[in-house]
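# Analysis of the macromolecular model
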Amino acid sequence: MDLIFFYILAILAVLSALGMVTARNAVHGVLFMVANFALVAVLYLLLDAPFIAMVQIAVYAGAIIVLFLFVVMLIGPVPTSLRDKLPGQRPLGLLAGLVLLLLIGSVVAVATVTAGGGISSGVASGFGSPQAIGELLFTRYLYPFEITSVILLAAMVGAVVLGKKGQ
Amino acid sequence: MITIPPVHLAVVAPLLVVGVTALVVMLCDLVLPANERTWLAYLSLFGLIGAMLIGTQLWGRQTSTFSGMFLLDNFGLALTFIFLTVAVITVLLSVAYTSDRGLVRGEFYALILFAVMGMMIMATAGDLIVVFLGIELLSLPLYVLSGFARPARDSIEAALKYFLLGAFASGFLLYGIVLIFGATGSTNLLQIASVLTKGAHNSVMLYAGIALLLVGLGFKVSVVPFHQWTPDVYEGAPTAVTAFMVAGTKAAGFAVLLRILLVAVLPVRDVWLPAIAILAVVTMTVGNVTAIAQQNIKRMLAYSSIAHAGYILVAVAAGGAAGTSSAIFYLLIYAFMNLGAFAVVIAASRGGEERLAIRDYAGLARQRPVLAAIMAIFMLSLAGFPPTAGFVGKLTIFQAAVQNGLTWLAVIAVLNSVVSVFYYARVIVFMYMREPEGEPWPAVAGDGRRMLALALGICVAGVLLLGILPTPAYQAAQTALLNIL
């Protein structure tokens, strides 16, 4: 059952990723990206990682997409030209993509061979669950958690200072 | 039900006081009328001095809280005092500077206070995660403060350059932290040390991690070859902010560097020692030689700060109790000398116009004799002449190096200080032996003038007192050793 789900989601995720890259209209591209993020989030859910799935939705499908849409709206619908700004970007990108594919492929292949098809996770149940992470944030990592809140405040003040017009 | 571990708020009180002051300053900024903004400076001073007084009550205690993420020891406290002193002097400088240039905004002080919090977090960090967060809390306000003189082009350029390169350096730092975690299985500094002592680690990953960490931190304290941003940012940023960056960021960066190198990865000292020694030599030499060619006083001081980073690296390389205490002592002296020199640059300006070229200082001794004399003291101290503090500071570092068998490094450092005399003396020559060009520049007027004079007074007193009577401060630095519980 999980496997069928996985294949459907995986095919849709790949299609949405292709749609994002090939879309002529920037807004369409961003919408394809939202679909892709949401599909990947469901994949995380299938992998028993509800926290990462929620973060994926909140941070990527939420905040980052809003940012992208804002930028697209601010600069307006610019027709995408197929000419490269940086020479040699395409072959290099292709090469990097191939290397990444090989790397991920080899990891999957090795894992499948050594684990005999079924990959068993060596972590205890409840690892990475929202409860476990929440508990760590309020016990062991309380201090970094509090510092992060101050950093966000400082960043917000900074953004206002730089964004405000004149005096 | 989660049980929250006990937190000793008294131990982190100085940090809390600074943080609360930042919030209060921002709130008061909303209700204060525009011409009463000087009160925000008074409020900031109140908070900073309060934090300092609370800090004195903690002196001598050795403990940790927040599950070992916050370490209280004399080392962290000594550096906290340096940061707070730097912040106090910066606030004193800023009142005149910002009102002359129409940059009076409450967020200025709040951002300075946030940056000081970041420095304090760095110096008391017991965990690499906290180190990283502290550096970010220090850097973010500084990126904004560098661009505070917007829409001045230099200022925007400085902010953008600092931001892009700083983000890049943070990436290196984070990558280094991850590799060290991978090699040792911990981000806690003391646990890393104990894993390394047992020898149960992955060496290649560890060395790569240390190298990347050095790149990231080397950027923050502007060590050659990661220094290229320094002159541009120091030149473009508002002078008061530059003074804060020169004195504060460097002290905070070295605090982290000392704690990581002399506690966490001390067991593999043989591996990183050559790297630090070479960085020290290159940094001193490039900094001093390039400073000679500078015509702009802020750029000259920027290269001088790079050279001084090299001297402090000599102390780091020396290591041990002598190296640590001489580094702390030098950071204090360094803060006074540089804040003082930048304070003179601010005090010598006319309205919004600054004397930026060294040529502009021609004949200053005739127009503003006291100011010229003060500048001469700072220049002599930076060059390391007795009876100023710069001499004593360099002496303690060189002694530490010789004691720890790094005589060759001490010799190179001495040769470098000889080279540096050239460009520091040049400022004095211009002030005393050249005719002034153009009409005389009037003194700064306004409500910040008295505070600027006070800042200059503190710096002069610091440089002379530490030069003539260094013993009490140096003895305090000698007890400011790292907590290795």
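Residues numbered from 1 in each chain as written. Chains lettered and ligands numbered in written order. Predicted model: local features only at pLDDT ≥ 70, side-chain atom pairs only at ≥ 80, totals over all residues. Heavy atoms only, no water.

### Here we look at the overall build of chain B
Here is the rule: Going along the chain from the N terminus, every DSSP run of H or I of four or more residues is numbered as a helix, and every run of E of two or more is numbered as a strand. As defined in this context, the radius of gyration uses C-alpha atoms, and a globule is described by 2.2 Å times the residue total to the power 0.38. Throughout, exposure labels follow a simple rule: accessible area from a 1.4 Å probe, protein chains only, divided by the maximum for the residue type, with under 20% read as buried, over 50% as exposed, and the rest as partly exposed.
What chain B contains, in helices and strands, is 19 helices and two strands. For chain B, whose C-alpha radius of gyration is 21 Å, the value lies close to the compact-globule estimate of 23 Å for 485 residues. If you line up chain B on its principal axes, its C-alpha atoms span 70 × 55 × 40 Å. Taking all 485 residues of chain B together, the buried fraction comes to 62%.

### Observations regarding the confidence of the model for chain A
This is how the line gets drawn: Per-residue confidence from the predictor is given as pLDDT, running between 0 and 100.
Chain-level statistics for chain A give a pLDDT mean of 84 and a share of 87% at 70 or above. Looking at the elements of chain A, mean pLDDT is at its lowest for helix α5 (residues 130-138) of chain A, recorded as 87, and at its highest for helix α6 (residues 142-163) of chain A, recorded as 92.

### A closer look at the interface of chain A and chain B
Filter applied, for reference: Pairs of residues are marked as contacts when any of their non-hydrogen atoms sit within 4.5 Å. Each salt bridge in this description consists of a side-chain nitrogen of Lys or Arg and a carboxyl oxygen of Asp or Glu lying within 4 Å of one another. Each polar contact in these results corresponds to two N or O atoms within 3.5 Å; when the atoms are within protein, one needs to be able to donate a hydrogen and the other to accept it, and residues that are neighboring in sequence are counted only if both atoms are side-chain atoms. Throughout this entry, Asp, Glu, Lys and Arg are counted as charged residues, while Ala, Val, Leu, Ile, Met, Phe, Trp, Tyr, Cys and Pro are counted as nonpolar. The remaining residues, Gly among them, count as polar.
Contacts between chain A and chain B engage 23 residues on the former and 32 residues on the latter. At the boundary of chain A and chain B, one finds zero salt bridges. Our count for the contact surface shared by chain A and chain B stands at two residue pairs in polar contact (both at pLDDT 80 or more). Elements that contribute at least two residues to the side of chain A that touches chain B include exactly α5 and α6 of chain A. Among the elements that make up the side of chain A that touches chain B, the one with the highest residue count is α6(A) (15 residues). When the residues that make up the side of chain A that touches chain B are grouped by side-chain class, the tally is 14 nonpolar, six polar and three charged.

### Comments concerning the nonpolar core
Put simply, the rule is: Throughout, nonpolar core names a set of buried Ala, Val, Leu, Ile, Met, Phe, Trp, Tyr and Cys residues whose side chains join them through atoms within 4.5 Å.
In this structure, F83(B), V116(B) and M379(B) are the most contacted members of the largest nonpolar core, which totals 200 residues. Among the elements that make up this core, the one with the highest residue count is helix α13 (residues 320-347) of chain B (19 residues). For F83(B), the residues in contact, after removing those within four places along its chain, are V116(B), M119(B), M120(B), A123(B), G248(B), A251(B), A252(B) and A255(B). Grouped together as the second largest cluster of nonpolar side chains are six residues, V30(A), F37(A), I65(A) and V72(A) included.

### Some thoughts on helix α18 (residues 449-468) of chain B
Residue and element names in this part refer to chain B. In plain terms, the rule: Working rule for helices: expected span equals 1.5 Å times residues minus one.
Helix length check: α18, at 20 residues, gives a terminal C-alpha distance of 28 Å against a target of 28 Å (1.5 Å per residue), a fit within 8%. All of the buried residues along α18 are M451, L452, A455, L456, C459, V460, G462, V463, L466 and G467. Close packing links the buried residues of α18 with α2 (38-58), α3 (74-100), α13, α15 (369-383), α16 (389-403) and α19 (471-479).

### Re unusual backbone geometry
Note: most peptide bonds trans; most residues except glycine with negative phi. Residues and elements named next belong to chain B. Across the junction of V224 and P225, the peptide omega takes the value 10 degrees, indicating a cis bond. Among the secondary structure elements, P225 is positioned in the loop between α8 (203-220) and α9 (229-236). Each neighbour pair has its own omega, and for P386 with P387 the value is 5 degrees, a cis peptide bond. Among the structural elements, P387 can be located in the loop between α15 and α16. With a phi close to 45 degrees, S222 is a non-glycine residue in the positive phi region. Within the secondary structure, S222 is located in the loop between α8 and α9.

### Observations regarding the packing of aromatic side chains
The description of an aromatic ring pair uses the distance of the two centres, along with the angle that the planes make with each other. All names here are of chain B. Heads up, the rule is: Here a pair means two rings of Phe, Tyr or Trp (six-membered ring of Trp) with centres within 6.5 Å. Their orientation is stacked below 30 degrees between planes, edge-to-face above 60, and tilted elsewhere. Comment: the charge-over-ring label is applied if NZ (Lys) or CZ (Arg) is within 6 Å of the ring centre and within 35 degrees of the ring normal.
For the structure on display, the rule yields 17 aromatic pairs over all chains. Centroid distance W229 to Y234: 5.9 Å. Interplanar angle 90 degrees. Geometry classified as edge-to-face. As far as burial versus exposure is concerned, W229 and Y234 are alike and both buried. Taken together, the ring pairs in this structure connect Y143, Y162, F163, F219, W229 and Y234 into an aromatic cluster. A cation over a ring is seen here: R434 above F430, with NZ or CZ 4.5 Å from the ring centre.

### Comments concerning the domain arrangement of chain A
Test applied: Marked domain ranges trace back to an automatic or database domain assignment.
You can read the domains of chain A as domain 1 (1-78 + 100-123) and domain 2 (129-167). Computed over C-alpha atoms, the centres of domain 1 of chain A and domain 2 of chain A are 26 Å apart.

### Things to note about the pattern of salt bridges
All names here are of chain B. Summed over the entire model, instances satisfying the criterion amount to seven salt bridges over all chains. Note that D232 is salt-bridged to K161, the shortest N-O span being 2.8 Å. Pair noted here: D232 is in helix α9 and K161 is in helix α6 (residues 153-184), with a separation of 71 residues, a long-range link. Residue class for D232 comes out partly exposed when judged on its relative accessible area of 21%. Between R299 and D232 there is a salt bridge, and its shortest N-O distance comes to 3.1 Å. You can see R299 sitting in helix α12 (residues 297-318) and its partner D232 sitting in helix α9, a full 67 residues away along the chain. One continuous salt-bridge network, built from bridges that share partners, spans E157, K161, D232, E235 and R299.

### Looking at a nonpolar patch on the surface
To keep things clear, this is the line we draw: What makes a patch is a set of residues exposed beyond 30% relative accessible area and free of salt bridges, joined within 9 Å when like-charged and within 5 Å when nonpolar (Val, Leu, Ile, Met, Phe, Trp, Tyr). Residue burial considers only the protein chains on display, and all accessible areas are found by Shrake-Rupley using a 1.4 Å probe.
Where nonpolar side chains cluster on the molecular surface, the patch consists of L3(A), I4(A), F6(A), Y7(A), I8(A), I11(A), L12(A), V14(A), L15(A) and L18(A) and spans about 1000 Å² of accessible area. With respect to the helices, strands and loops of the structure, V14(A) is situated in helix α1 (residues 2-22).

### With respect to the side chain of H308(B)
Here H308(B) shows up in helix α12. Aside from chain neighbours lying at most four places away, what touches H308(B) is Y330(B), Y334(B), M337(B), L382(B) and Y424(B).

### A closer look at the packing of α15(B) against α16(B)
All names here are of chain B. Note the following rule: For helices, the axis comes from a line fit to the C-alpha atoms of the stretch in contact; other axes are also lines fit to C-alpha atoms, and the angle between any two N-to-C directions lies between 0 and 180 degrees. Put simply, angles under 35 degrees are roughly parallel, angles over 145 are roughly antiparallel, angles from 65 to 115 are roughly perpendicular, and the rest are oblique.
Direction vectors running N to C along α15 and α16 enclose 10 degrees, while the axes themselves pass 6 Å from each other. Classified by the angle between their axes, α15 and α16 sit roughly parallel to one another. Contacts between α15 and α16 pair S381, L382 and A383 from the former with A389, G390, F391 and K394 from the latter. Residues that form the contact of α15 with α16 fall into these classes: four nonpolar, two polar and one charged.

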